[in-house]
Every structure is written in structure tokens, then in C-alpha cells.
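Structural description and commentary
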Amino acid sequence: MSAPIIAIDAMGGDFGPRCIVPASIACLAEFPSLHLILVGQAPLLEELIARENGVDRQRLSVEHASEVVGMDERPSQALRGKPDSSMRIALDLVRAGRAQACVSAGNTGALMALSRYMLKTLPGIDRPAMVSAVPTAKGHCHLLDLGANVDCSAEHLYQFAVMGSVAAEALGVSRPRIALLNVGTEDIKGNQQVKLASSLLQQAEGLNYIGYIEGDGLYRGEADVVVCDGFVGNILLKSSEGLASMISARIEALFTDSLGSRMVGALALPLLRRLQGDLAPARHNGASFLGLQGIVVKSHGAAGSDGFQSAIRRALMEIRENLPQRLHGRLEDLLL
């Protein structure tokens with residue numbers, strides 16, 4: 001396999017290049033075969049690179065882009081009004097074959113619109129879906145969609161299930177258990193779209209559909225792939241991140257509010273730090289746009305350096321697993 005090359009939208013996210021440049025350089029040190037192309041305002045990027053020590057410029061290059069897509073801009077503005085944006089140029093590097101993946105922390109709606117326009121979807125896929133690995137009691141679950149598609153038909157949910165199953169298989173899960181997120185596990189529960197999607201999945205051959213799942217079942221690890229529309233998925237993901245952060249902060253506060261609790265906390269601190277690391281949103285940062293004819297990974301806009309590194313690792317994994325081609329090879333058999 002040739003050396004992996006990833007295009008980085010260096011201007012996106014809440015912290016921009018001052019976070020993304022150090023994160024990118026750290027990933028170069030972690031993966032000796034990795035090559036990165038930083039896309040953005042070249043003078044600023046070169047200035048930030050110059051501050052870092054021991055940068056291998058043979059594996060790090062800069063591609064100038066004069067425009068930046070704002071976090072609050074409409075996708076239509078990014079499509080029509082900013083032809084030289086860092087996001088668009090990074091995606092164009094993938095389309096042209098100069099890079100094998102794109103990673104961006106920028107505007108999610110704009111990234112999805114530009115990705116669909118420039119890279120196109122795989123045959124049989126109407127809409128790409130955002131997917132990420134969510135920690136559970138038994139390991140991880142692939143949850144999709146996470147916000148790219150707020151309104152979905154039953155056919156869209158079926159396509160998400162197919163793509164999620166193939167993605168899970170690529171990561172070593174044998175016969176992934178697929179479930180639809182619902183307000184109950186009984187057949188009579190749910191809206192019309194979920195019921196119709198369930199009917200389609202029950203009829204499908206080659207998919208291990210296990211039925212409905214509730215939110216608590218997801219975290220118990222009862223399924224390997226959980227499917228929902230982007231409205232529900234995004235709320236679930238953000239609520240989960242907030243809950244994990246709140247519980248972690250409350251536990252730390254309890255261990256420091258008295259001498260006795262500080263003594264107990266000193267003994268428990270290593271286990272607490274391990275739990276915090278396992279549940280930290282940064283460790284699981286990086287949502288893939290499944291269904292495109294190319295690899296695009298969306299980093300959380302508020303992710304710091306550690307989180308952005310996780311997103312780059314996700315893109316590198318998908319390059320190594322040749323995920324779009326694996327999807328393409330299975331879709332014809334599994335799609336209706």
C-alpha cells in the first residue's frame with residue numbers, strides 16, 4: 001500500500017489552525033508513513049509550523065486557500081460563494097486523487113453539501129450519513145446518523161443500516177447486530193418511518209437485524225449498529241457527551257470536598273482517570289460521512305488537539321480498510 005495522504009482543512013472549527021497544526025504534526029510523529037496536506041491561509045500556516053520542532057516537511061505540505069467557511073454560514077453560500085475556501089480545496093484534493101481522505105472541523109452542513117457535490121455518493125445511496133463509534137458496556141457501537149440528515153424516509157434508514165453494517169464489518173465485527181433506535185422495543189411502537197424501515201430490514205437477506213432498541217440498550221451494548229435519523233442521533237450524542245462530562249466533574253468534586261474524601265480520592269484517582277479517558281469525547285472524536293465516493297471525516301468543532309488527532313486516526317483507519325470500495329462492493333447485494 002502506498003503512503004497514506006490526508007488533506008486537512010486547517011481553518012475549520014472553533015480553534016482553527018492554532019489547534020489543528022499542532023495536532024497534525026503530532027499525528028505525523030505517531031504514524032511515520034503518514035503524509036498530510038494542510039489547506040488554508042499559507043502565511044499563517046507556515047508561521048505556526050515554524051514554531052514546532054522537528055517537523056518532517058517531506059511529509060507535511062501546505063496548500064493555499066484564500067477563503068474560510070464560517071461556522072454559521074449557510075451551505076449554499078459555501079457551495080456558490082466561496083470557490084477558494086479551505087474546505088472546498090481540501091475536498092478537491094481528494095477528488096483529484098492527490099489525497100485519500102479529508103478531515104475538517106468546520107461547518108457540518110457546508111462540509112456535507114460540498115462533499116456530496118464534489119465527491120458524489122456511491123451507487124444506490126441517496127444521502128451520506130454521519131457515523132461514529134460510541135462507547136458501550138461491551139465495547140463500542142456504530143451510531144448513525146449523527147446530524148447530516150434531520151428528516152429521513154424509511155428507505156434512507158435502511159440504507160444507513162446497510163452502510164453501518166459494512167463499516168462495522170470492516171472494523172472486525174462479525175455479523176454486526178443492527179437495531180433501530182426507538183421509543184420502545186414492541187412492534188407497535190415508533191413513527192411510520194421507523195416501522196417501515198423495520199419491515200424493510202426484516203425482509204433483507206445478509207443483514208443481522210435484531211429489531212428495535214431503546215437508548216439504555218445502546219449503552220448496554222445490545223447492538224453493534226444503531227440507526228436513527230440525524231435529529232435524534234445528534235441530540236443523543238450531544239446529551240451523552242454532556243452527561244459523561246457532568247458525571248466526571250461531580251465525582252471529582254466529591255473526592256475533594258473533605259479530608260476523608262480526598263484520602264479516598266487519592267486511592268481511587270488512577271481508576272477515575274482511566275474511566276475519564278475511556279469516556280472522554282476527544283478519544284471518540286471523528287464522524288465519518290459514509291456513502292461518499294471518498295473518505296471525509298468530520299471533527300467536532302469544539303475539539304481540542306487530542307480530539308482532532310482522533311479524527312485524523314479515524315481517516316487513516318478508513319484509508320487502510322479501503323472503506324468506500326468495501327462499501328461499493330457490498331451495496332449491490334444488500335440494497336433494495
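All values reported here derive from a predicted model rather than from experimental measurement.

This part covers the overall build of the protein. Across its full length, the protein holds 12 helices and 11 strands. Dimensions of the protein, computed from C-alpha atoms along their principal axes, come out at roughly 65 × 60 × 40 Å. Here the protein, with 336 residues, has 51% of them falling under the buried criterion. If you take every contact in the protein between residues at least 6 apart in sequence, the share linking residues at least 24 apart comes to 72%. In the form shown here, the protein has an accessible surface area of approximately 15300 Å², with 53% of it arising from carbon and sulfur atoms. Looking at the protein, you have 31 positive and 35 negative side-chain charges, and the mean spots of the two groups are 2 Å apart.

Below, the discussion takes up the pattern of salt bridges. In this structure the tally under the stated criterion is 13 salt bridges. Where Arg57 meets Glu46, a salt bridge forms, and the shortest distance between an N and an O atom there is 3.0 Å. One end of the pair, Arg57, is in the loop between helix H2 (42–50) and strand E3 (60–64); the other, Glu46, is in helix H2, with 11 residues separating them in the sequence. Taking relative accessible area as the criterion, Arg57 reaches 37% and is therefore assigned partly exposed. Among the salt bridges present, the one from Arg59 reaches Asp56, with a minimum N-O distance of 3.0 Å. Note on Arg59: relative accessible area 13%, which makes it buried.

Next up on the list: the nonpolar core. Counting 38 residues, the largest nonpolar core has Leu91, Leu143 and Val226 as the members making the most contacts within it. Secondary-structure elements contributing two or more residues to this core are strand E2 (35–40), helix H4 (86–95), helix H5 (108–119), strand E5 (129–136), strand E6 (139–144), strand E7 (177–181), helix H9 (230–254) and strand E10 (287–290). For this core, the domains that each give at least three residues are domain 1 (1–125 + 291–322) and domain 2 (132–282). With near-sequence residues (within four places) excluded, Val226 lies in contact with Cys141, His142, Leu143, Leu144, Ala179, Leu181, Ile213 and Leu218.

So, on to the domain arrangement of the protein. Parsing the protein into structural domains produces domain 1 (1–125 + 291–322) and domain 2 (132–282). With 11 residues of domain 1 at the contact, the number on the domain 2 side is 9 residues. Counting each side, the surface lost to burial between domain 1 and domain 2 is near 800 Å², with a carbon and sulfur contribution of 62%. It is Ile125, His300 and Arg314 that lose the most area in domain 1 upon contact with domain 2, and together they represent 43% of the buried surface on that side. Counting the contacts that link domain 1 with domain 2 gives 0 salt bridges.

You can see Ala113 is positioned in helix H5. If we skip the residues at most four places from it in the chain, Ala113 touches Pro75 and Leu79.

Turning to helix H6 (residues 154–170), a few remarks are in order. If you check H6, its first and last C-alpha atoms are 25 Å apart, about what 17 residues at 1.5 Å a residue would give, namely 24 Å. Counting buried residues along H6, 15 of its 17 residues qualify, which places the element largely inside the surrounding structure. In the stretch just after H6, Gly172 is the one whose phi turns positive, near 100 degrees.

Here we come to the side chain of Arg59. Position of Arg59 among the secondary structure elements: in the loop between H2 and E3. Of note is the side chain of Arg59, whose polar atom sits 3.0 Å from the backbone oxygen of Phe31. Setting aside its immediate chain neighbours within four residues, Arg59 contacts Leu28, Phe31, Pro32, Ser33, Leu34, His35 and Leu36.

Attention now goes to the sheet that holds E10. Spatially, the 11 strands line up as an open sheet ordered E3-E2-E1-E4-E11-E10-E5-E6-E9-E7-E8, and their pairing is mixed. Across the chains shown, the open sheet's two edge strands, defined by having one partner strand only, are E3 and strand E8 (208–213). Pairs of neighbouring strands in the sheet enclose a mean axial angle of 25 degrees, with direction left out of account. The pairing of E5 with E10 spans 3 bridges and is antiparallel. Looking at E10, one finds that Val131 is bridged to Ser288.

Thresholds applied
Residues numbered from 1 in each chain as written. Predicted model: local features only at pLDDT ≥ 70, side-chain atom pairs only at ≥ 80, totals over all residues. Heavy atoms only, no water. Helix = DSSP H or I, 4+ residues; strand = E, 2+ residues; numbered from the N terminus. Buried < 20%, exposed > 50% of the residue type's maximum accessible area, 1.4 Å probe, protein only. Contact = heavy atoms within 4.5 Å. Areas by Shrake-Rupley, 256 points an atom, 1.4 Å probe, with all protein chains shown as cover. Lys, Arg positive; Asp, Glu negative; His and termini not counted. Charge placed at Lys NZ, Arg CZ, Asp CG, Glu CD. Salt bridge = Lys/Arg side-chain N within 4 Å of Asp/Glu carboxyl O. Core = buried A, V, L, I, M, F, W, Y, C linked by side-chain atoms within 4.5 Å. Domains from an automatic or database assignment. Buried area = accessible area lost by both parts, 1.4 Å probe. Expected span 1.5 Å × (residues − 1). Polar contact = N/O pair within 3.5 Å; in protein donor to acceptor, adjacent residues only side chain to side chain. Pairing = 2+ DSSP bridges. Axes fitted to C-alpha atoms, helices over the stretch in contact; angles between N-to-C directions.

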